[in-house]
2 protein chains.
Amino acid sequence: MKIIVDAMGGDNAPEAIVKGAVDARDKLGVDITLVGRKEDIERCLGDTDRKGIEIVDAREVVTMDDDPSTATRRKKDSSMTVALNMVKNGHGDAVVSAGSTGALLTGATLIVKRIRGVRRAAMAPLLPSSENGFLLIDCGANAECTPEYLLQFAYMGGFYAKCIMGLDNPRVGLLNIGVEDSKGGELQHGAFKLLSEAAARGQINFVGNVEASSMLFGGADVIVTDGFSGNIALKTAEGVAKWLFTEIKTVFKSSAKNMLAAAMVKKDVKAISYKMDPNRVGGTALLGISKPVIKAHGSSNDEAFFAAIAQAKAFVEADIIGDIVKNIDNMKISEEA
Amino acid sequence: MKIIVDAMGGDNAPEAIVKGAVDARDKLGVDITLVGRKEDIERCLGDTDRKGIEIVDAREVVTMDDDPSTATRRKKDSSMTVALNMVKNGHGDAVVSAGSTGALLTGATLIVKRIRGVRRAAMAPLLPSSENGFLLIDCGANAECTPEYLLQFAYMGGFYAKCIMGLDNPRVGLLNIGVEDSKGGELQHGAFKLLSEAAARGQINFVGNVEASSMLFGGADVIVTDGFSGNIALKTAEGVAKWLFTEIKTVFKSSAKNMLAAAMVKKDVKAISYKMDPNRVGGTALLGISKPVIKAHGSSNDEAFFAAIAQAKAFVEADIIGDIVKNIDNMKISEEA
């Protein structure tokens, strides 16, 4: 398997990206194509054994200042654009990038293209829970959605959950402002109907509405929502966790007694904050794109980038795209066919 | 000042409600009208001094099983309905209820009515932050909103922030999925325009888009959004905080060493969880209703209910409704006038 790596994307590029990619070659047995400024990549590689590692030169870099909707088109020789074209043309099995989410999503949609019949690609990060975590889909790719998009997110999230969570029959919930069937606005009412129908056909294990307050306590493995509210939920969770750990750190430093106590529990408390760490899983798949494209967190260090490559490998091996293609007829609503 | 209390609403009614109300009479110097089953209230009062306390008998109780959209109409002799009719008819200055949010909101809208010109009433709880906290408006009253509603939430939230947060010129932000002006969907684009125009007129201190991840770190005193995403943000924050403290509790109990450390920092860590406690502020005003109606948290104990009455008192004294009425012309958009 060959993983195409955007070596220039993310806060810690290219050093951490190259290091994570070399680790992936060593530990996962994948071949790696590093795309980016050759001299920068060479410098990072130093005297590393080059077996299974290829460099493809690309002179430009998509930055956070670029307009995401045009970045990959304007910067045709950027590492991101070149990497996406490579996977499109079959010169590798998956792309992993820690660059701009918006640019990667637009680029993947325009260059690699969506799976035929998929209305919108979606982002589905894995969040922690009292059970084994849950996928929240979509988390920001699509600010405005239709019920049909949400139905498709449910199917795609389900296939993905089977792969990365190892579940036979993932439970799908609809994010809503109450558990009663009638809650929410038009989008939720429409999605609830479509999800119930898919459940009646035995195609989705739909467990109904899920409130944001109970997401982390289990009950659903895949939680479906529009990209706006999904992003609000994801970012609120990240922000609240960060804020609480900042407050706890302040408490731990506030007196000699507390500092002593902190030293005693530090490791265990850190393990909790690790659960909320966006770097942990490493990457988020762009579900609905016709080839595997994995977004690594922008602040990825080498470990996180390694984890993103591991996820790309699992994504390819599980053939999630094949699952989606096989089921695409169930994922459309007749009115719009 | 006379506060009308729905003595039968909430998980701990009537005991905690009556106790909190008696405390409010003692400490805040307000008169109290307790509405509910006379014999139950009498039993809770026991031999308490009755000075400044009046009981109004109401035989029915709105429960969480009642349909919120019809509860106050169907149960005309419920404590909630009677209390709302009393404030409407001037038999008191404010209503405080820990009963069903939906029923109270519908009841307040149908019985007490909105302020003339206000399109929708909204809920604006105070959330903690690294600064002095912030108001999130709306948090669930209106699943579907227009840009004009959000403009009105900004004005109403601003007046309320002046009162309960003591701010001269509260900073108003728009909850969005990125800080760039162009982020979000149609609703956010429309609201951003209206808020910018109001700021250009010098009427609102609009600070632009705010991401959910940074809400708790300050920068805005009032954060405006539709009721769906506001509810998702609020409930996610509550859920994540609860989940993290559950995890921390598990760590603290996991070994003798950790139990010792926990004993040393317990009080200080508890103070953090207290900040995230929905009972802390006590109540959430229903902004846009023509008389003060305060929703106390459903799980209010007597202290929380006391705090909700204190908030009702501050709301009346600050004459927030007068502020809204005086500014109603600025809060409408001409196209819809």
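Numbering of residues starts from 1 in each chain and follows the order in which that chain's sequence is written. To read the labels, note that chains go from A and ligands from 1, taken in the order they are written. This being a predicted model, a pLDDT of at least 70 is required before a residue's local features are given, and a value of 80 or more before pairs of side-chain atoms are given or counted; all residues contribute to the totals for chains, interfaces and linings. Heavy atoms throughout the structure, all of them, feed into the side-chain values; hydrogens and water do not.

*Asks:* Which residues make up unusual backbone geometry, and what are the values?
*Replies:* Residues and elements named next belong to chain A. Residue Pro14 follows Ala13 across a cis peptide bond; omega there is -5°. With respect to the helices, strands and loops of the structure, Pro14 is situated in the loop between strand S1 (2-6) and helix H1 (15-28). Residue Asp138 is bonded to the preceding Ile137 through a cis peptide linkage, with omega at 0°. Every helix listed is a DSSP run of H or I at least four residues long, and every strand listed is a run of E at least two residues long, numbered separately from the N terminus. By the element assignment, Asp138 lies in the loop between strand S7 (134-137) and helix H6 (147-165). A positive phi angle, close to 75°, is found at Lys113, a residue other than glycine.

*Asks:* A description of the nonpolar core should follow, citing residues and the corresponding values.
*Replies:* What makes a nonpolar core is a set of buried Ala, Val, Leu, Ile, Met, Phe, Trp, Tyr and Cys residues whose side-chain atoms join them at distances within 4.5 Å. Relative accessibility under 20% of the residue-type maximum defines a buried residue, over 50% an exposed one, and the middle range a partly exposed one, all with a 1.4 Å probe and only protein chains included. Leu136, Met215 and Leu244 of chain A together with Leu84, Leu136, Met215 and Leu244 of chain B are the most contacted members of the largest nonpolar core, which has 87 residues in total. Within the residue set of this core, elements represented by two or more residues are S7, helix H8 (227-252) and helix H9 (256-275) of chain A together with helix H4 (79-88), helix H5 (101-112), strand S7 (134-137), helix H8 (227-252) and helix H9 (256-275) of chain B.

*Asks:* Give me the lowdown on the confidence of the model for chain A, citing residues and values where you can.
*Replies:* Per residue, pLDDT captures the predictor's confidence, and it can take any value from 0 to 100. With 98% of its residues at a pLDDT of 70 or more, chain A shows a mean pLDDT of 93. Across the interface, the model reports ipTM at 0.91; the global pTM reads 0.91.

*Asks:* Lay out helix H1 (residues 15-28) of chain B in plain terms, naming residues and giving numbers.
*Replies:* Turn by turn, an α-helix covers 3.6 residues, leaving residues three or four places apart pointing in a common direction. Residue and element names in this part refer to chain B. Multiplying 1.5 Å by the helix residue count minus one yields the expected span of that helix. Look at H1: 19 Å from first C-alpha to last across 14 residues, which is about the 20 Å you get at 1.5 Å a residue. In terms of burial, H1 is largely enclosed, as ten of its 14 residues are buried. Taken as a whole, H1 has its buried residues at Ala16, Ile17, Val18, Gly20, Ala21, Val22, Asp23, Ala24, Arg25 and Leu28. The elements touched by buried residues of H1 are strand S1 (2-6), strand S2 (31-36), helix H2 (38-45), strand S3 (53-57) and helix H10 (302-318). Contacts are assigned to residue pairs with any non-hydrogen atoms lying within 4.5 Å of each other.

*Asks:* Can you lay out the sheet that holds strand S8 (residues 171-176) of chain A for me, pointing to particular residues and giving the numbers?
*Replies:* Residue and element names in this part refer to chain A. Within the open sheet, the five strands sit side by side as S6-S7-S10-S8-S9. Their pairing is mixed. In this open sheet, the two edge strands, each paired with only one partner strand, are strand S6 (126-127) and strand S9 (205-211). Summarising the sheet, S7 and strand S10 (residues 222-224) pair through three bridges and their orientation is parallel. Following the sheet pairing, Leu136 is matched in S10 by Ile223. By definition, two strands form a pair when at least two bridges between them are found by DSSP.

*Asks:* Any chance you could break down the interface of chain A and chain B for me, citing the residues and the numbers?
*Replies:* Between chain A and chain B, the contact holds 53 residues from the first and 52 residues from the second. Contact between chain A and chain B buries roughly 4,500 Å² in total, counting both sides, with carbon and sulfur atoms accounting for 76%. By definition here, a salt bridge exists when the distance from a side-chain nitrogen of Lys or Arg to a carboxyl oxygen of Asp or Glu is within 4 Å. On the surface where chain A and chain B come into contact, there are two salt bridges. Between Lys235 of chain A and Glu211 of chain B there is a salt bridge, and its shortest N-O distance comes to 2.6 Å. Definition of a polar contact: a pair of N or O atoms within 3.5 Å, with one able to donate and the other able to accept a hydrogen when the atoms are protein atoms, and with sequence-neighbouring residues admitted only if both atoms are side-chain atoms. Across the chain A-chain B interface, the total number found is 14 residue pairs in polar contact (both at pLDDT 80 or more). Here the element with the most residues in the side of chain A that touches chain B is H8 of chain A; it accounts for 21 residues. Split by residue class, the side of chain A that touches chain B holds 27 nonpolar, 16 polar and ten charged. Defined here as a combined quantity, buried area equals the accessible surface (1.4 Å probe) lost by two parts on assembly, summed across both. Side-chain classes are defined by residue name, with Ala, Val, Leu, Ile, Met, Phe, Trp, Tyr, Cys and Pro counting as nonpolar, Asp, Glu, Lys and Arg as charged, and the others, Gly among them, as polar.

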